[in-house]
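Breakdown of the fold
Here is what each chain is made of, one letter per residue.
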Amino acid sequence: MNNLAALLLLLFVCHYRIVCNVNSEAMAQISVDELWKLLTSNYSRFERPNFKGDPVTVEISMYILDIPKVDTKTMSFEMDLYFRMRWHDDRLRYELFADLEYIDVPYKKEIWVPDLFFVNAQVLNNPNSNFLMRLYRDGHVLYSTRYVIRARSIMDFKNFPTDENIIKLEVESYAHTSNEIIIKWRSKQSLGVTSDQIVGLVIKNVTTKELVAHLTTGIYSRLYAEITLKRNGHLYIMSAYLPLIAVVLMSWFSFWINPKLIILRLGLLVTLLLLATICVLGLDTELPKLAYATSLSIWIALHFVFLSAALVEFILIHMIWGRRSIQYLQEHEIEDKVEGEIESTWQKFRLCLCGTSSRLDLVSRVLFPASYIIFNIIYWAV
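Not measured: the values here are computed from a predicted model.

Analysis parameters
- Residues numbered from 1 in each chain as written.
- Predicted model: local features only at pLDDT ≥ 70, side-chain atom pairs only at ≥ 80, totals over all residues.
- Heavy atoms only, no water.
- Phe/Tyr/Trp six-rings, centres within 6.5 Å; stacked < 30°, edge-to-face > 60°.
- Helix = DSSP H or I, 4+ residues; strand = E, 2+ residues; numbered from the N terminus.
- Buried < 20%, exposed > 50% of the residue type's maximum accessible area, 1.4 Å probe, protein only.
- Lys NZ or Arg CZ within 6 Å of the ring centre and 35° of its normal.
- Salt bridge = Lys/Arg side-chain N within 4 Å of Asp/Glu carboxyl O.
- Patch = residues over 30% accessible without salt bridge, like charges linked within 9 Å, V, L, I, M, F, W, Y side chains within 5 Å.
- Areas by Shrake-Rupley, 256 points an atom, 1.4 Å probe, with all protein chains shown as cover.
- Pairing = 2+ DSSP bridges.

**Some remarks on the packing of aromatic side chains**
Between two aromatic rings, the relevant description is the distance of the centres plus the angle of the planes. If you walk through the whole model with that rule in mind, you get 21 aromatic pairs. Geometrically, the ring pair formed by Trp-87 and Trp-112 is edge-to-face, given 6.1 Å between the ring centres and 85 degrees between the ring planes. Remark: Trp-112 occurs in the loop between strand E3 (102–104) and strand E4 (116–118) and Trp-87 occurs in strand E2 (residues 76–88); sequence separation between them is 25 residues. Here the two residues Trp-87 and Trp-112 agree in accessibility, since each one is buried. A centroid spacing of 6.1 Å and a plane angle of 45 degrees characterise the contact between Tyr-372 and Phe-375, whose relative ring orientation is tilted. Residue Tyr-372 and its partner Phe-375 are both found in helix H8 (residues 359–381); the two are separated by 3 residues, about one turn of the helix. The class of Tyr-372 is buried, set by a relative accessible area of 6%. We note Arg-86 situated over the ring of Tyr-136; from NZ or CZ to the ring centre the distance is 5.2 Å.

**Focus on the pattern of salt bridges**
Summed over all chains, the structure comprises 15 salt bridges. One salt bridge in this structure joins Asp-80 and Arg-146, with 2.6 Å as the shortest N-O distance. In this pair, Asp-80 sits in strand E2 while Arg-146 sits in strand E7 (residues 140–152), placing the two residues 66 residues apart along the sequence. Take Arg-146: its relative accessible area is 29%, and that puts it in the partly exposed class. Its salt-bridge partner being Glu-164, residue Lys-204 comes within 2.7 Å of it at the nearest N-O pair.

**Structural notes on a nonpolar patch on the surface**
Residues Ile-262, Ile-263, Leu-266, Val-270 and Leu-274 make up a contiguous nonpolar surface patch of roughly 460 Å² in combined accessible area. Along the chain, the position of Leu-274 falls in helix H4 (residues 262–281). Judged by its relative accessible area of 52%, Leu-274 falls in the exposed class.

**Here we look at the sheet that holds strand E13 (residues 218–231)**
To summarise the sheet geometry, strands pair through backbone hydrogen bonds and adopt either a parallel or an antiparallel arrangement. Ordered by their spatial adjacency, 5 strands build an open sheet running E4-E8-E13-E12-E11, and the pairing between neighbours is antiparallel. A strand with exactly one partner marks an edge of an open sheet, and here the two such strands are E4 and strand E11 (197–198). As paired strands, strand E12 (residues 201–215) and E13 are joined by 14 bridges and run antiparallel to one another. Its bridge partner lying in E13, Ile-203 is registered against Leu-229.

Functional significance is not addressed by these values, which are geometric in nature.
Laid out in C-alpha cells, this is it:
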C-alpha cells in the first residue's frame, strides 16, 4: 500500500514538472504584446492594488535639473525636475516569463497609476509629454517623467538682503486618503540637485519630510521637498551699504565748516541728502509689499535719520542758538585779531572755512560718530 502511494506521488510530481516546463516554454515563446494582453485581460485600472485591503505604498524620488528663477516679488519659483514613482501591483506579476527583467508599458492609461499632484503648483508642464513606465517580473511598477513647475512658497524677508528662505514642493494624493495610499521618500537621497548655484542665490541645504495633511475630506499622506536658499548679499553691499556709509561720513564735514558760511554748509547737506535718495531709488530689491521692515529698509531709514539730524543741527545753530552762536563767534574773532596778523594763506583759508565753531558743533563732532558706531555694532550683531 505504501509502495503504491509513493508511486502515485512520484507520477504526480513528474506530471507537474512536465506541465510547468511546457507552460514556461510556451510563455517564453510568446511576444511582449501577447504577454501584455494576457496581463491586462482581466485587469481594471479603476481599482487600486490591494483593493479593500492594506494601503498601497508609493515610493517617490525627484532629481532637480534646474531652478531657473526665484521670484521674490510673487514669492514663487520655477523648477525643472525628473519625477519618479515606484509601487507594487500584484495583478501584473509575470515571473514565469523569466528571460525578461522588465517590459515597457506603452500606454500609462492602461494600468492603475497613483493620482499624485503638486499641492502648491501654479503651472505644471510636461515637455513633449515624455514618460517612462516599466513593469518588473515581481509586479513592481516604475513611472518616471519630467516636469517644469512654477510653484508658490511663502518667504520671509526680515533679514533681507542676507536672508535665508526655504522653498517647498508638496506632493499628495488627490483622491486617496492615507488608508488607501501612503506616499514616502524612497531613501534619504531621494531628492537630488544638479547644481547649488542660482542667480543671486546659493543652495545651502536640501531636506525631505513626510507628514500627514488633515483636510475636510480626510487625512492624506503628504511629502515635502525643501530647499534652503541663501541670498548673495554682495550686490547690495556695493549698491546700498557702502554708498550710504560714505554719504553719512561726508555729512560730518559740515560740523567743521564755519557756521557763518550758510550756503556752503546747507549746500553740502542738501546735496548729500539728494545723493542718498538717488541711491535708494536706484535699488532694485524686487520685494513685494510687506507688512514688516526688512534689514535693508532699517539700514536705509537710519542713515536718512543721521543725514536729517545733521541738517537739523545746522538749523538749530541758526535759529534756537543763533544769538549765542553769533556772540560766541564775535568774541573769538576779537581774540584772534588780538593774537596778531595771519602769516600764511593756509591760516587764512582755515579761519574763513572753519573759523570758531559753535558749542553745538563741538558736541556733534563726538556725538554723531559715537552714535553711528553704536548703531553699527547693534545692527551687525543682531
